[in-house]
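Letter by letter, the chains look like this.
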Amino acid sequence: MFSFAMGYRVLLVDDHKIMRDGIRAILSRNTEFEIAGEAESGPEALQFARRLRPEIVLMDIGLPGLNGVETTIEILRTNPECRIVILSMYDDDNSVLGAMRAGARGFILKKASDLDLVGALRMVAMGGMYVSPQVSDRLLERIQKGNLEVQAPPPALSTLSPRELQVLRLVAEGNSSKEIATVLALSEQTVRSYRKTLMRKLGANNAVTLTQLAYSSGLTQVKRDEERVHTAAPIQ
């Protein structure tokens, strides 16, 4: 049980300093929370989470490298008691469901008010869950109409290593093995090996299936006007 008297320790994770500064200013006016540390990337967040053991992690979903969903999975592997709240500029359903499936306790839009942010953290700190009303109302309507797929992703997704999750996301974003190798500073052969391992672990036959899984699991977010069309193709 977290101690209210001491204040809930919060780890801020966002690659934009101006966003971290704004959140710090908001929380500094509230004695319920104290900033335990700040990180600007997924790997840095993992290090801070292991060292500081914060009660709450407030984290951007669109982090470079290891994104917010991937980082959530990794933090909860070593600290299952940690309560993670995801921040996002986008309100697409896959992002929300992916974050919750990964174990996040909250999902709040960056355009939320100061009061909404504090209220979300308070609710999560007390053991509840929070989703921004703009998102939760739409999801509830879809569930009531029966047109929202709520099936969880394959359990094997939780067994993927951080590097495998990165490769899966980059595949889903339409990158070739050569491009992924450049981004991750790996050889093309190593990337091809990762792709084959992903297909074996996830029961996928081609890159299209991997892409669909990554989107449905919230590992990657697609702006509607920037969606790519993927076609079945051999491993590149």
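Being a predicted model, the structure only gives us computed values, none of them experimental. (Residues numbered from 1 in each chain as written. Predicted model: local features only at pLDDT ≥ 70, side-chain atom pairs only at ≥ 80, totals over all residues. Heavy atoms only, no water.)

### A word on the environment of E81
At step 1: Mapped onto the secondary structure, E81 falls in the loop between α3 (68-78) and β4 (83-88).
At step 2: Taking the C-alpha atoms as reference, E81 lies 9.5 Å from P54; in sequence the two are 27 residues apart. (Helix = DSSP H or I, 4+ residues; strand = E, 2+ residues; numbered from the N terminus.)

### Focus: the nonpolar core
A general trend in soluble globular proteins is that nonpolar side chains are found buried together.
At step 1: Membership of the largest hydrophobic core comes to 48 residues, with the highest contact counts inside it found for I84 and L168.
At step 2: Considering each element in turn, this core owes the most residues, six residues, to helix α7 (residues 162-172).
At step 3: The residues contacting I84, other than those within four sequence positions of it, are V57, M59, T72, I75, L76, A104, R105 and G106.
At step 4: The next biggest cluster of nonpolar side chains, apart from the first, holds 19 residues, and it includes L27, I56, L121 and Y130. (Core = buried A, V, L, I, M, F, W, Y, C linked by side-chain atoms within 4.5 Å. Buried < 20%, exposed > 50% of the residue type's maximum accessible area, 1.4 Å probe, protein only. Contact = heavy atoms within 4.5 Å.)

### Overview of the pairing of strand β2 (residues 33-39)
Put simply, side chains in a regular strand alternate between the two faces of the sheet.
At step 1: Bridge analysis of strand β1 (residues 8-13) against β2 gives six bridges, and the strand direction is parallel. Looking across to β2, one finds that V13 is bridged to A39.
At step 2: Between the parallel pair β1 and β2, the chain is carried across by helix α1 (residues 17-28), and the sense of this crossover is right-handed. (Pairing = 2+ DSSP bridges. Right-handed = clockwise from strand over helix to strand, strands pointing away.)

### Overview of the environment of G37
At step 1: Here G37 shows up in strand β2.
At step 2: The class of G37 is buried, set by a relative accessible area of 10%.
At step 3: Those residues in contact with G37 that lie beyond four places of it in its chain are V10, L11, L12 and L52.

### As for the packing of α3 against α7
At step 1: Closest axis-to-axis distance for the α3/α7 pair is 10 Å, and the angle between their directions is 165°. One element, α3, and the other, α7, form an angle in the roughly antiparallel class. Along this stretch, α3 crosses α7, giving a crossing that reads as right-handed. Counted together, E70, I73, E74 and R77 of α3 and P162, L165, Q166 and R169 of α7 form the full contact between these two elements. (Axes fitted to C-alpha atoms, helices over the stretch in contact; angles between N-to-C directions. Parallel < 35°, antiparallel > 145°, perpendicular 65-115°, else oblique. Left-handed = near helix turned anticlockwise from the far one by under 90°.)

### Here we look at the packing of α7 against helix α9 (residues 188-202)
At step 1: Following both chains from N to C, one finds α7 and α9 inclined at 95°, their axes separated by 10 Å at the closest point. The orientation of α7 with respect to α9, classified from their angle, is roughly perpendicular. On α9, the residues touching R163, E164, V167, L168 and V171 of α7 are Y194, R195, T197, L198, K201 and L202.
At step 2: Tallied by class, the residues present in the contact of α7 with α9 amount to six nonpolar, one polar and four charged. (Nonpolar A, V, L, I, M, F, W, Y, C, P; charged D, E, K, R; others polar.)

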